[in-house]
Amino acid sequence: MGLNPKLFTLFVSWFITSILTVSFGPEAAQARSLKPVPAESPSSSLVAQGPTQAAMNAFFNSGQYTYCDAQVLGSYWGQSASDAKVRIGMILLGEFSSPNQLRADQRQARQVAVDRLWSNQQLCFFSQKGLTYDDAVDLANYWGSQDPFHAKLYVEKLLIRGNYQEFGRSMDAARRQYDGV
């Protein structure tokens, strides 16, 4: 005996509506209610695709948060970067927590990430930004150091803290210095 797709879709729709009602109240739940996705649809497992997509759009359109922010906050919240993007988007849409709490979490998450970086020296952003060992050497020389690894650590710290402009200026200057421009 197999699973009845229509019954399953109805159950999932009822379950999500119940959660929304408990979380946001009956009026908000009705406004946010999800329409069932036909069982034969390729995205039938993503019943909550609409609200999730709206939250992702809010994240990307805000211009305030980057992938690095999502990764740092996701780690702090015990979530993946993708889940953190959705959560940030929901906050920006006013559906979850408050923007003030988000900023407070971001400050704390950045501090935790920087502390963790210096203690276990695990890099995550350096290579994600498309940087190479030669870039680390250039930055080390530009900053007056002989240690490319410490340059990588410093780049990580800049990116974790959201100092993208400072990082960009330093990288441009280091490349110009190396190229003799």
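Since this is a predicted model, take the numbers as computed values, not measurements.

Criteria and cut-off values
- Residues numbered from 1 in each chain as written.
- Predicted model: local features only at pLDDT ≥ 70, side-chain atom pairs only at ≥ 80, totals over all residues.
- Heavy atoms only, no water.
- Core = buried A, V, L, I, M, F, W, Y, C linked by side-chain atoms within 4.5 Å.
- Buried < 20%, exposed > 50% of the residue type's maximum accessible area, 1.4 Å probe, protein only.
- Helix = DSSP H or I, 4+ residues; strand = E, 2+ residues; numbered from the N terminus.
- Contact = heavy atoms within 4.5 Å.
- Phe/Tyr/Trp six-rings, centres within 6.5 Å; stacked < 30°, edge-to-face > 60°.
- Lys NZ or Arg CZ within 6 Å of the ring centre and 35° of its normal.
- Polar contact = N/O pair within 3.5 Å; in protein donor to acceptor, adjacent residues only side chain to side chain.
- Expected span 1.5 Å × (residues − 1).
- Salt bridge = Lys/Arg side-chain N within 4 Å of Asp/Glu carboxyl O.

Engineer: Describe the nonpolar core, with residues and values.
Structural biologist: Within the largest apolar cluster, 31 residues are counted, with the highest numbers of intra-cluster contacts made by Trp-77, Ile-88, Leu-102, Val-155, Ile-160 and Phe-167. Counting residues per element, the ones that place at least two in this core are α4 (67-77), α5 (81-92), α6 (99-120), α7 (133-142), α8 (148-160) and α9 (164-179). For this core, the element with the most residues is α8, which contributes six residues. Sequence-distant contacts of Ile-160, that is, excluding residues within four places in its chain, are made with Val-72, Arg-110, Ala-113, Val-114, Leu-117 and Phe-125.

Engineer: Give me the packing of aromatic side chains: which residues, what numbers.
Structural biologist: Geometry of an aromatic ring pair is reported as the spacing of the ring centres plus the angle between the planes. Scanning the model with the defined rule gives two aromatic pairs in all. Each ring, one from Phe-59 and one from Phe-60, has its centre 5.1 Å from the other, and the planes form 80°; the classification is edge-to-face. Take Phe-59: its relative accessible area is 1%, and that puts it in the buried class. Seen from their ring centres, Trp-143 and Tyr-154 are 4.8 Å apart, and the 85° between their planes marks the pair as edge-to-face. In this pair, Trp-143 is assigned in the loop between α7 and α8 and Tyr-154 in helix α8, connecting sequence segments 11 residues apart. For Tyr-154, a relative accessible area of 28% corresponds to the partly exposed category. The cationic tip of Arg-87 hangs over the ring face of Trp-77; the distance from NZ or CZ to the ring centre is 4.0 Å.

Engineer: For the side chain of Asp-69, give the residues involved together with the corresponding values.
Structural biologist: Considering the arrangement of structural elements, one finds Asp-69 in helix α4. In terms of polar contacts, Asp-69 uses its side chain to reach the side chain of Gln-106, at 3.2 Å. The contact partners of Asp-69, leaving out residues within four places of it in the chain, are Gln-64, Gln-106, Arg-110 and Tyr-164.

Engineer: Go over α5 with me, naming the residues and quoting the values.
Structural biologist: Here α5 spans 16 Å end to end across 12 residues, near enough to the 16 Å set by a 1.5 Å rise per residue. Considered for burial, the residues of α5 that qualify are Ala-81, Ala-84, Lys-85, Val-86, Ile-88, Gly-89 and Ile-91.

Engineer: I'd like a description of the pattern of salt bridges, backed by residues and values.
Structural biologist: Summed over all chains, the structure comprises two salt bridges. Asp-69 is the partner of Arg-110 in a salt bridge, and the nearest nitrogen-oxygen pair spans 3.0 Å. With Arg-110 in helix α6 and Asp-69 in helix α4, this pair connects stretches of sequence that are 41 residues apart. Here Arg-110 and Asp-69 have matching classes, each one buried. The salt bridge involving Asp-135 is made with Arg-175; its shortest N-O contact spans 3.3 Å. You can see Asp-135 sitting in helix α7 and its partner Arg-175 sitting in helix α9, a full 40 residues away along the chain.

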